[in-house]
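Each chain is listed here by its residues.
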Amino acid sequence: MDQYIKTGLADVPDERGYFGEFGGRFVPETLVPALDELVAAYHDAISDPAFHAELAELQRTYVGRPTPVTYARRLSEQLGGAQIYLKREDLAHTGAHKINNALGQALLARRMGKKRVVAETGAGQHGVASATVSALLGLDCHVYMGSVDIARQEPNVFRMKLLGAEVIPVESGTKTLKDAINEALRDWVTNVRTTFYLLGSALGPHPYPMIVRDFQSVIGHEARTQMLEMTGRLPDVCIACVGGGSNAIGLFHAFRDDDVEFIGVEAGGYGIASGQHAARFADPAIGRPGVLQGTRSYVLQSPHGQILNTHSISAGLDYASVGPEHAYLREIERAFYTYATDEEALAALQILSRTEGIIPALESAHGLAEAIKRAPSMPRDTIMLVNLSGRGDKDLNTVMSALEID
Ligand SMILES: *Cc1c(COP(=O)(O)O)cnc(C)c1O
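Parameters at a glance
Residues numbered from 1 in each chain as written. Predicted model: local features only at pLDDT ≥ 70, side-chain atom pairs only at ≥ 80, totals over all residues. Heavy atoms only, no water. Near = heavy atom within 4 Å. Polar contact = N/O pair within 3.5 Å; in protein donor to acceptor, adjacent residues only side chain to side chain. Areas by Shrake-Rupley, 256 points an atom, 1.4 Å probe, with all protein chains shown as cover. Salt bridge = Lys/Arg side-chain N within 4 Å of Asp/Glu carboxyl O. Helix = DSSP H or I, 4+ residues; strand = E, 2+ residues; numbered from the N terminus. Buried < 20%, exposed > 50% of the residue type's maximum accessible area, 1.4 Å probe, protein only.

The full set close to the ligand counts 17 residues, and K98, S201, G245, S246 and S389 are the nearest of them. A distance of 2.7 Å separates an oxygen atom of the ligand from a polar atom in the backbone of G245. At a separation of 2.7 Å, an oxygen atom of the ligand approaches a polar side-chain atom of S246. When the free accessible area of the ligand is taken as 380 Å², the share hidden by the protein chains comes to 97%.

Below, the structure written as structure tokens:
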């Protein structure tokens, strides 16, 4: 049996879904039975060897796991300090880590007898992953997406449609991810008996942050083994970008009990002083504990608690809140959080492209930017493992216009 899902052994969340003072369940009454049903189904699934066997088989033969770890030799030499290794989630089917979670949750939906799936998407990456696994398992997939995002992310909208999903435009609020989540939740409340809500990051009401973490933790468990094989020891530092926080928690979780430093990198946008960013942990004046979309975590908000608009060059990091487990890891000082600006991420994307022949997603480039900042002043025997959460193909238009290439 696959050994990476071991929720019973993790100390968080508690029974009520709390990571310290973060997490929990802030939802309408009508959803409580559905969330309880999900908790029960999840525990049932992870104690069933047949569930693990099917998940492992599809990870291997469909997703393309294990994804490799690449030693970034030329990049490390150029920086002249720490050795940088990359966990290659860009090589997973559909080009990012999101498929890990989507596959796990879709198997859970089928097991629960739910044939209808709803999902939210911002940039369209989670929508594509949900549409993909729905096609694979014969589920009926409906993706809520803000109309502004639909206009910005045309290729992903077309992908979802080709994969047989229905894309439902959301016209409320700012017509972006936050509003799409609201609509997906509303749909779930209405159709809860037949419908599974396939949530895309380590966010939302309990048990989602736990389930998403567990399905993503395949990243860290593979990487831990691979680093031991390649270098004979564990890395000193693990670095990942943090939007909702699923790729980061998926990497960190396996190293939880090890002497390994964790660094999460948020979107610094145009800089913290500009107020146009999505760095929930960077400015205590606006990034404060609060409740958004079912969970208590750090939220970018006005003094009166109005959710602030965010900005990032990478759509996947552009969200006002962050997964509750990250708020907790920060509080207990197990993990540290910093940010990279749009400009730094763009520079990191170009550096990796030219030194290693890998074009990373703009999200992943934020994590890389921090590694590039730190490496030169670190001893040469320091090992940094960076999670390359996705590939850059989806970002080519954004990068081209930012660099004014034509
Ligand atoms: C969605 C996305 C992210 C951000 O989501 P997390 O839940 O924070 O991992 C990061 N990288 C890529 C490539 C994405 O598609």
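Glancing now at the pattern of salt bridges. All chains considered together, the criterion is met by 30 salt bridges. The salt bridge involving R65 is made with E222; its shortest N-O contact spans 2.8 Å. Within this pair, whereas R65 is found in the loop between α2 (49-63) and β3 (69-71), its partner E222 is found in helix α10 (residues 218-231), the two being separated by 157 residues in sequence. In this structure R65 comes out as buried when scored by relative accessible area, which is 5%. As a salt-bridge pair, R116 and D187 come within 2.8 Å of each other at their nearest N and O atoms. Of this pair, R116 sits in strand β5 (residues 116-121) while D187 sits in helix α8 (residues 177-190), and the two are 71 residues apart along the sequence. The residues R116 and D187 share a single accessibility class, namely buried. Residues participating in the shared-partner salt-bridge network are D11, R213, D214, R256 and E325.

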